[in-house]
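What the coordinates show
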Amino acid sequence: MSILKKFEELRGAYNHVKEAGNDPFSVCFDEILSPTEGVVSGKKTILLGTNNYLGLTFDKQSIETAVSALRENGTGTTGSRIANGSYGWHARLESNLASFYGRDHAMVFTTGYQANLGIIATLAGRDDHLVIDADSHACIYDACKLTPAPVTRFKHNDPNDLRTRLGRIKNNGGNIIVVTEGIFSMLGDKAPLKEIVEVTKEFGAYLIVDEAHSMGVLGKHGRGLAEECGVEDDVDFILGTFSKSLGAIGGFCVSNIADFDLLKVACRPYMFTASLPSSVVASVVTALEKVEKGELLREKLMSNARYLHSKMIAAGFSVGPDVSPVVALRLQSSEMAISFWNALLNEGLYVNLALPPATPANMSLLRCSVSSSHSKIQIDKAVALFTKIGIEFGVIEPELLAQFG
Amino acid sequence: MNDEEVVAIIIKELLVIMPNASDIASETNIVRDLSLDSLAVMDLVMALEDYFDISIPLDRIADTETVFQLAGVVQSLQTEVRA
Ligand SMILES: Cc1ncc(COP(=O)(O)O)c(C=O)c1O
């Protein structure tokens, strides 16, 4: 029997998705022209599914510092921080991250996935109890597989449900750790963080927030949902990634907790993988400065987000509850979502296709993520394409559109 | 509550998730026979937590396959709460 036979069902589902035309899991960009434009199969394509919230992937200064760090330190570190040493850029980024967040400690990981995996699984020991939002990202679920601690889920963004479930946990002498996210990646909705903080405090629990999609995006200074909600002092650990608003790759954790340095010798996804190359770290150091002074970029981003969100509603699409740079359109079926996604790509618009089980409540989504770099013309063009195809496919009705003008 | 009663509740909750499923019984394999994906299983667990007012950590159901086995986990957790 083939070793991959256990994935027979997955094979069926994968083939089914591919049959509709393009393979959404391996779209190839022939060229990336800017943060918002690329070339797919020879066609100029608007990129509306990149998480490049502040458009920093082509930031001139970030590229310059990356190039000089590349020349100085070479292409890779060829090893892990604990076994093969840290470079000056790692130390500098950790120090800058700590001061950006006004925290005592910071720790840089090779990806955001590993930051979540490592911190959550390491903090939660055998006698502790992890309580996670039911719509948590895959990396949080994977952390749950790595930890010896029992895991319970609470209903998505529901502080009262969290309270009920915390009340049922028997104290084994350990700690309770609650995990949620700033902006949820699929629907773009935000956690009710003030209320969640209140509940965690009632039970004396620790709180971890993954600000992957909200760092650089929310808060006056870009420190995320915790800053926006005014609860930074009550969040014990902030996790995040450099792969979205910072336009590079890597992950991090910041905290004020005493003995934080122990994590660097206890956290396996930090210890047993190669560290980021200096070029990447240098670009992140520069991008972080842009994020810190990025009030204008954030204003532009949120104005683009409001514009896209309202235009999609006006067109008659069903979108997520909160206005955020993630605008997800809900389709009736995965077949419809797949065909719609193909039609958009063929017309020169790239968005993300998100299907169950990777989505909350088995939804089939066309997920857009807008950037401060998108022009109004690009967003108008995207909405026009969505509308045209939506009418063709019977997803929205033309009469409704006339009403909204 | 005895085995049969817990099994009946689990079947009732399964039918909420999949109203068209037929012939769910004590020996039904939740994942294989009902093709419930992992998320649906976790949602079932959430519903059972609410029904029985207990916490069912996900690792406790890792090895359960049948409705009967799940009922056993629920019962032992109930006993632990009372203890
Ligand atoms: C909520 C959330 N956390 C963590 C990650 C992982 O980050 P990275 O892609 O940098 O590994 C992502 C995205 O991939 C995410 O959406």
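Criteria and cut-off values
- Residues numbered from 1 in each chain as written.
- Chains lettered and ligands numbered in written order.
- Predicted model: local features only at pLDDT ≥ 70, side-chain atom pairs only at ≥ 80, totals over all residues.
- Heavy atoms only, no water.
- Pairing = 2+ DSSP bridges.
- Helix = DSSP H or I, 4+ residues; strand = E, 2+ residues; numbered from the N terminus.
- Axes fitted to C-alpha atoms, helices over the stretch in contact; angles between N-to-C directions.
- Near = heavy atom within 4 Å.
- Polar contact = N/O pair within 3.5 Å; in protein donor to acceptor, adjacent residues only side chain to side chain.
- Areas by Shrake-Rupley, 256 points an atom, 1.4 Å probe, with all protein chains shown as cover.
- 1 Å grid on protein atoms, 1.4 Å probe; cavity = no way out; pocket = protein on both sides within 12 Å on 5 of 7 lines; lining within 4 Å.
- Points joined across faces, edges and corners; volume = space filled by probe spheres on them.
- Nonpolar A, V, L, I, M, F, W, Y, C, P; charged D, E, K, R; others polar.
- Disulfide = S-S within 2.5 Å.
- Buried < 20%, exposed > 50% of the residue type's maximum accessible area, 1.4 Å probe, protein only.
- Phe/Tyr/Trp six-rings, centres within 6.5 Å; stacked < 30°, edge-to-face > 60°.
- Lys NZ or Arg CZ within 6 Å of the ring centre and 35° of its normal.

Details of the sheet that holds strand 6 (residues 151-154) of chain A
Residues and elements named next belong to chain A. With mixed pairing, seven strands are arranged side by side in an open sheet as 4-10-9-8-7-5-6. Single-partner strands in this sheet number two, and they are strand 4 (105-109) and strand 6. When strand polarity is set aside, the average angle formed by the axes of neighbouring strands in this sheet is 20 degrees. Here four bridges tie strand 5 (residues 129-133) to strand 7 (residues 176-181), and the two strands are oriented parallel to one another.

A short note on the pairing of strand 3 (residues 43-47) of chain A
Residues and elements named next belong to chain A. As paired strands, strand 2 (residues 37-40) and strand 3 are joined by four bridges and run antiparallel to one another. Note that in strand 3 the partner of Gly38 across the bridge is Thr45. Remark: two residues form the turn of the hairpin made by strand 2 and strand 3, two consecutive strands paired antiparallel; Ser41 in that turn has positive phi of roughly 45 degrees. The pairing of strand 3 with strand 12 (residues 349-350) spans two bridges and is parallel. Across the sheet, residue Leu47 finds its bridge partner in strand 12, namely Tyr350.

With respect to the site of the ligand
Residue and element names in this part refer to chain A. Neighbouring the ligand are 14 residues; Tyr113, Asp210, His213, Thr241 and Lys244 lie closest to it. The contact in question runs from an oxygen atom of the ligand to an N or O atom on the side chain of His213, over 2.6 Å. Here an oxygen atom of the ligand and a side-chain polar atom of Thr241 are 2.6 Å apart. Protein chains bury 83% of the 380 Å² of accessible surface belonging to the ligand in isolation. Tallying contributions element by element places helix 5 (residues 112-123) first for the shell around the ligand, with three residues.

Things to note about the layout of surface pockets
Gaps left between atoms are located by rolling a probe of water-molecule size over the structure's atoms. Of the pockets and cavities examined, the second largest pocket occupies roughly 420 Å³. Lining the second largest pocket are 21 residues, with His129(A), Pro150(A), Ile169(A), Lys170(A) and Asn172(A) sitting closest to its centre. The element best represented in the lining of the second largest pocket is helix 3 (residues 67-82) of chain B, accounting for three residues. By residue class, the composition of the lining of the second largest pocket is seven nonpolar, seven polar and seven charged.

Points about the state of the cysteines
Residues and elements named next belong to chain A. Under the counting rule described, the total for this entry stands at zero disulfides over all chains. Looking at the unpaired Cys139, the closest cysteine sulfur is the one in Cys144, lying at 10 Å. Looking at Cys139, the relative accessible area reads 2%, which means it is buried. Left without a disulfide partner, Cys267 is nearest to the cysteine sulfur of Cys253, which lies 8.6 Å away.

Some remarks on the packing of aromatic side chains
Residue and element names in this part refer to chain A. Under the definition given, this model contains 11 aromatic pairs over all chains. Aromatic pair Phe317 and Phe340: ring centres 6.2 Å apart, planes at 70 degrees, arrangement edge-to-face. A residue pair is termed long-range when its members are at least 10 positions apart, and Phe317 in the loop between helix 12 (295-315) and strand 11 (326-331) and Phe340 in helix 13 (residues 334-346) qualify at 23 residues. Take Phe317 and Phe340: they sit in the same class, and that class is buried. Relative to Phe393, the ring of Phe340 lies with its centre 5.8 Å away and its plane at 75 degrees, an arrangement referred to as edge-to-face. Placement of Phe340 in helix 13 and of Phe393 in the loop between helix 14 (376-392) and helix 15 (398-404) is noted, with a sequence separation of 53 residues between them. Here Phe340 falls in the buried class, since its relative accessible area comes to 0%. Under the relative-accessibility criterion, Phe393 is labelled partly exposed at 28%. By the ring-pair criterion, three or more aromatic residues cluster together here, those being Phe100, Tyr101, Phe242 and Phe252. Geometry around Tyr14 places Lys18 over its ring, the cationic atom sitting 4.1 Å from the centre.

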